[in-house]
Amino acid sequence: VLNNIILNNNLQWLVNQKYVQMLEVQADETWAFAPELTYAIQPDSDLFRAIEINLARGARYRIFMPNKPETHKIIADYRRLHKFSPGQVEFILVPHEEYVFHTIIVIYGPHTDNPHAIEWLPVDNLVAWLEMDQKHANRMVGIGEVLMKRYTEASSDDAALIKEIPRASGRAAVRRE
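Residues numbered from 1 in each chain as written. Predicted model: local features only at pLDDT ≥ 70, side-chain atom pairs only at ≥ 80, totals over all residues. Heavy atoms only, no water.

Peer 1: Could you give me a rundown of the packing of helix α2 (residues 17–26) against helix α3 (residues 46–56), with the residues and numbers involved?
Peer 2: At a minimum axis distance of 9 Å, the contact between α2 and α3 shows a crossing angle of 10°. Comparing their axes, α3 and α2 come out roughly parallel. The segment α2 lies against α3, with Gln-17, Lys-18, Val-20, Gln-21, Glu-24 and Val-25 engaging Asp-46, Leu-47, Ala-50, Ile-51, Ile-53 and Asn-54. Split by residue class, the contact of α2 with α3 holds six nonpolar, three polar and three charged. (Axes fitted to C-alpha atoms, helices over the stretch in contact; angles between N-to-C directions. Helix = DSSP H or I, 4+ residues; strand = E, 2+ residues; numbered from the N terminus. Parallel < 35°, antiparallel > 145°, perpendicular 65-115°, else oblique. Contact = heavy atoms within 4.5 Å. Nonpolar A, V, L, I, M, F, W, Y, C, P; charged D, E, K, R; others polar.)

Here it is in structure tokens:
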């Protein structure tokens with residue numbers, strides 16, 4: 001019934017977690033703009049399992065998060081729950097005051113001809129995602145590229161490094177956790 005409602009009302013942009021899981025396991029590179037990593041650190045979620053599969057096959061992740069105390073706990077949980085090689089996952093911490101993403105936006109295959117940008121809908125008791133059209137997916141790729149150019153130093157091969165962006169400095173400072 002729900003599928004008929006979606007198809008009959010041109011709501012194909014509304015996607016479920018299984019669809020997002022399918023994109024996750026097919027992407028060689030994923031960028032996430034995430035104030036939190038809810039599903040990525042819940043072992044019983046479909047997305048957690050997809051991330052495990054993707055990391056095991058060598059996919060790379062760049063995760064932009066606000067630099068606040070809760071974020072450091074989330075990153076520690078991510079590292080404790082997932083196995084990955086040095087340099088495979090990069091956390092880029094943006095000053096909390098400058099972080100503009102209030103929902104989770106994930107770009108699968110940002111450097112492909114057909115990147116997919118998915119945004120989580122922040123509605124209580126609803127697990128729903130929307131898929132952006134190609135124009136907006138490409139804009140999100142551009143935003144990610146600007147943020148990386150502005151805030152990161154040369155890539156590190158050490159997964160123990162977190163790139164932090166000191167307030168108003170415009171450059172990333174690297175520190176060991």
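Peer 1: Any details on the nonpolar core? Residues and values, ideally.
Peer 2: A general trend in soluble globular proteins is that nonpolar side chains are found buried together. One finds Leu-37, Tyr-61, Ile-63, Met-65, Tyr-78 and Phe-91 to be the most contacted residues of the largest nonpolar core, which totals 27 residues. For this core, the elements supplying multiple residues, two or more each, are α2, α3, β3 (60–67), α4 (69–81), β4 (89–95), β5 (105–108) and β6 (116–120). Excluding anything up to four places from it in sequence, Leu-37 contacts Ile-63, Met-65, Ile-74, Tyr-78 and Phe-91. Residues Ile-105, Ile-107, Ala-117 and Ala-137 belong to the second largest nonpolar core, which totals 18 residues. (Core = buried A, V, L, I, M, F, W, Y, C linked by side-chain atoms within 4.5 Å. Buried < 20%, exposed > 50% of the residue type's maximum accessible area, 1.4 Å probe, protein only.)

Peer 1: Mind laying out empty space enclosed by the protein, listing which residues take part and the relevant values?
Peer 2: Taken as a whole and judged by the stated rule, the model has three cavities of 30 Å³ or more. Estimated volume of the largest cavity: approximately 220 Å³. Ala-32, Leu-37, Ala-40, Ile-51 and Val-106 are, among the 20 residues lining the largest cavity, the residues nearest its centre. Those elements giving two or more residues to the lining of the largest cavity turn out to be α2, β2 (29–33), α3, β3 and β5. For the lining of the largest cavity, the per-class residue count stands at 15 nonpolar, two polar and three charged. (1 Å grid on protein atoms, 1.4 Å probe; cavity = no way out; pocket = protein on both sides within 12 Å on 5 of 7 lines; lining within 4 Å. Points joined across faces, edges and corners; volume = space filled by probe spheres on them.)

Coordinates in, geometry out; function isn't part of it.
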